[in-house]
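Inside the fold
As a plain string of letters, each chain reads:
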Amino acid sequence: MKGLAVYLSEPLTDEAKDSIRQMRTIGFTSIFTSLHIPEDDPSLYTERLRTLGQLTQQLEMELVADIAPTSLAALGKTWHDADTLTEWGVTGLRVDYGVTPKQVADLSKQMMVALNASTLTAEELDAMKAEGLVLEQVEAWHNFYPRPETGLDRDWFNDKNRWLREQGIRVQAFIPGDGHLRGPLHETLPTLEDHRGQSPFACYLELEASVDRILIGDPGLSESSMRQFAAYQEGIIVLRETGQGDDDPLLTSIQTNRMDPARDVIRSVESRAYGRPGNGWLDPAILSDRPVGSVTIDNLKYGRYAGELQLTKRDLAADERVNVIGRIIEADRALLHQIGPGGRFRLEWVSSEGAILS
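1. Regarding the overall build of the protein chain
- Regarding its fold elements, the protein chain presents 8 helices and 15 strands.
- Once the C-alpha set of the protein chain is aligned to its principal axes, its extents read approximately 75 × 45 × 35 Å.
- Considering the protein chain as a whole, with its 358 residues, one finds that 49% of them fall into the buried category.
- Considering only residue pairs separated by 6 or more positions, the protein chain has 74% of its internal contacts joining residues 24 or more positions apart.
- Carbon together with sulfur atoms contributes 49% to the accessible area of the protein chain, which is approximately 16,300 Å² in total.
- Of the charged side chains in the protein chain, 37 are positive and 55 negative; the average position of the first set lies 5 Å away from that of the second.

Now the structure itself:
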């Protein structure tokens, strides 16, 4: 399950609503919002939360609010009637400090409750269970970390997640955005420090198998990242690449990795069709090394292999029989290891500055 963050410190404009609708069409089914800003006008937040809740109900999206006792009071609620926020479209509450085990257990009988994944202890969980906690209604959510160098260590994160899953609790984590970034630091909002400033789509694929819910911490995605998420709904991994080939439909069509995957390269099943006379790709070119992420085509010197398109998964030496026609951008090179046997991919050619070529 994947979702996005919507911060009520910003007005919910028509443009913002359209952006949420667009994200829903590419498979984002949940929204996270935070109400931890007590110095702001409570009535403004109440209005914006209600408006957001109405929209998520229309789009059949989940809406989870990060809430504290002070912000709950500002909404005119207490822990005794917090579950009535479902009437506003809120489907879950992320709770942390200032909540008793009984309050959490009682709330879990009415709606989804997200606990702090990083700080939850076995003793606290046992106390909640003793009060009747409904585990099927409980998730464990990690924080995001705005300040560089403070994100979680990967090994610790994996160990904690294993323990949580052993308790029967689903796990959530944040990944960075790459569009409009949240202030004041604008340094992205990941759970893992390794993910700071990295490709949102690559971070998502890395966590997909080990985390139940993945949310983009920053308010926005770039258009190219949105295209990657959209294509992935069809099982296609889009790789952004610089170099040649933007005007050749064969090189920008959907490719398939062979079912017998090579150790060093991804081999396109469809690419032997490039071995036709006159297309220019088969003429031997200037000798070039093949660092990780190189996009290559075997030339006429490779005989029956001429025309085969490959993506290198490791650094390879130059070969007079292989033409290097481009390279996957650094942000997307991690995706090469996500393309398994029979995996489908598509190259999207970009300029050296990262702009999409038309």
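2. Here we look at the pairing of strand β8 (residues 213-216)
- Of the two faces of β8, the one lined by R213 and L215 and the one lined by I214 and I216 are each fully buried.
- Sheet analysis places strand β1 (residues 2-5) next to β8, joined by 3 bridges and oriented parallel. Of the residues in β8, the one forming a bridge with G3 is L215.
- In the sheet, strand β7 (residues 170-175) pairs with β8 via 4 bridges, with the strands oriented parallel. Paired with F174 across the bridge in β8 is L215.

3. So, helix α6 (residues 154-166)
- Helix length check: α6, at 13 residues, gives a terminal C-alpha distance of 18 Å against a target of 18 Å (1.5 Å per residue), a fit within 8%.
- By the burial criterion, the buried members of α6 are F157, K160, N161 and L164. What you see down the axis of α6 is that its buried residues fit within an arc of 100 degrees, all on one side. Across α6 from its buried face, at more than 90 degrees, point the exposed residues D155 and E166.
- In this structure, the buried side of α6 is in contact with β6 (138-141), β7 and α7 (200-208).

Each value, and the rule that gives it
- Residues numbered from 1 in each chain as written.
- Predicted model: local features only at pLDDT ≥ 70, side-chain atom pairs only at ≥ 80, totals over all residues.
- Heavy atoms only, no water.
- Helix = DSSP H or I, 4+ residues; strand = E, 2+ residues; numbered from the N terminus.
- Buried < 20%, exposed > 50% of the residue type's maximum accessible area, 1.4 Å probe, protein only.
- Contact = heavy atoms within 4.5 Å.
- Areas by Shrake-Rupley, 256 points an atom, 1.4 Å probe, with all protein chains shown as cover.
- Lys, Arg positive; Asp, Glu negative; His and termini not counted.
- Charge placed at Lys NZ, Arg CZ, Asp CG, Glu CD.
- Pairing = 2+ DSSP bridges.
- Expected span 1.5 Å × (residues − 1).
- Arc of directions from axis to C-beta.

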